[in-house]
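# Fold and geometry: a report
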Amino acid sequence: QYCVTCPRDVVMTIGNEIVEATMSKRSRFFEYRPFRPLIKHYFDKDPRCIWTAAPKPMMGDSSYTTEFWDWDIDERMKRMHDYQFCINEEEIMFDAAHCLLIGDMMFVQQSMVTNLAGIRWLKRHFEPKGIQVQTLHFPYDLFPSHTDCTFVAVRPGLVLTNPDRPFVDEEVKIFKQNDWKLVDIPFFSTKHEHPICCQSSRWLSMNVFSISHEKIVVEEGETPLINFLEQEHGFDVLGIPYRKVFEFGGSLHCSTWDIRRRGEMKNYFPNREGITDVGMLKHTNLP
């Protein structure tokens, strides 16, 4: 579908491990292939590199709720508030862009493109390695939107949130009891239109790329967000022209993929008293 434009959707680096996501859209099944030579290069050059491909789904009709897109918005909203999406639990399915890694915590959104079976796989794979996996839901996210346009950690202690897609309070308890700020960003700029064939929402405005705790890259036309980050949160914002890339399915975060990092894994959530994965436990009896 998007070829090599959005590696963040397809692959992710967790410590010394590169993981290929399953994906859930049939049109994106082969999207891992352009990155295989690069992954092989890293695997050959770094003896510590672990290369994992999550189970590739069969993507038969039984894996989808095919009538989902025939429902009107009200019916779709009702079903989604019960966490019924266009994919079901028949197979393991997840997009890498739904996995938000913050130190030794991974937050994963159940959604149109990531199911609970996928989150269970991520739990079983990463928790023995010391990474705790927590489920997130955004009940008003009506389309296949990734977490990097919904809930974006830009530095320790600060998450940008989407005013159109509020989180579930009980699922973000761990942030609040560790004194993180969850701040709604300003609405996207209306001065510039998306490219005519762009399938993404206007909330690509928050698809930003953090370089450090102080420096962040934002699409240059998103003036409200740039002013917000500079004036209210003290960021040094680098605005670059990127809007024409939107046509290919993403913005700055989607089209970048961290490979090398400095330092050790940190714990940004020292207070975990009373924390359970309520997003998983509330919606399934599966182990």
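For the structure, check the block above.
My aim in this report is to walk through the structure given alongside it, one point at a time. This is a predicted model, so every value here is computed, not measured.

Reading the values: rules and limits
Residues numbered from 1 in each chain as written. Predicted model: local features only at pLDDT ≥ 70, side-chain atom pairs only at ≥ 80, totals over all residues. Heavy atoms only, no water. Helix = DSSP H or I, 4+ residues; strand = E, 2+ residues; numbered from the N terminus. Rg over C-alpha atoms; globule rule 2.2 N^0.38 Å. Buried < 20%, exposed > 50% of the residue type's maximum accessible area, 1.4 Å probe, protein only. Contact = heavy atoms within 4.5 Å. Areas by Shrake-Rupley, 256 points an atom, 1.4 Å probe, with all protein chains shown as cover. Lys, Arg positive; Asp, Glu negative; His and termini not counted. Charge placed at Lys NZ, Arg CZ, Asp CG, Glu CD. Pairing = 2+ DSSP bridges. Right-handed = clockwise from strand over helix to strand, strands pointing away.

Another point: the overall build of the protein. Helix and strand counts for the protein come out as seven helices and twelve strands. Relative to the globule expectation of 19 Å for 287 residues, the C-alpha radius of gyration of the protein, 18 Å, shows essentially globular dimensions. Each principal axis of the C-alpha atoms in the protein carries an extent, and together these give about 50 × 50 × 45 Å. Within the protein, the proportion of its 287 residues that are buried is 52%. Within the protein, residue pairs in contact and separated by at least 24 positions form 68% of the contacts whose partners lie at least 6 positions apart. Counting every atom, the protein has about 14000 Å² of accessible surface; 53% of that belongs to carbon and sulfur. The distance from the centre of the 33 positive side-chain charges to the centre of the 40 negative ones in the protein is 5 Å.

The next thing to look at is unusual backbone geometry. One non-glycine residue, methionine 23, lies in positive phi territory at about 65 degrees. Mapped onto the fold, methionine 23 is located in the loop between strand E2 (17–20) and helix H2 (36–45). Taking the relative accessible area as the measure of exposure, methionine 23 reaches 2% and is therefore buried. The phi dihedral of methionine 59 falls on the positive side, at around 60 degrees, and the residue is not glycine. Positionally, methionine 59 belongs in the loop between strand E3 (50–53) and helix H3 (73–81).

A few words now on the environment of tryptophan 71. By the secondary structure assignment, tryptophan 71 is in the loop between E3 and H3. The exposure class of tryptophan 71 is buried, given its relative accessible area of 15%. Leave out the neighbours within four places in its chain, and tryptophan 71 touches Thr65, Arg76 and Arg79.

Another aspect to go through is the side chain of serine 63. If you trace the backbone, serine 63 turns up in the loop between E3 and H3. Residue contacts for serine 63: discarding those within four places in its chain leaves Cys86, Ile87, Asn88, Glu90, Glu91 and Met93.

Where strand E11 (residues 215–219) and strand E12 (residues 236–240) come together, five bridges link them in parallel fashion. Bridge pairing in E12 links lysine 215 to aspartate 236. Regarding the hand of the β-α-β motif, the stretch spanning E11, helix H6 (residues 223–233) and E12 is right-handed.

These values are about where atoms sit, not about what they do.
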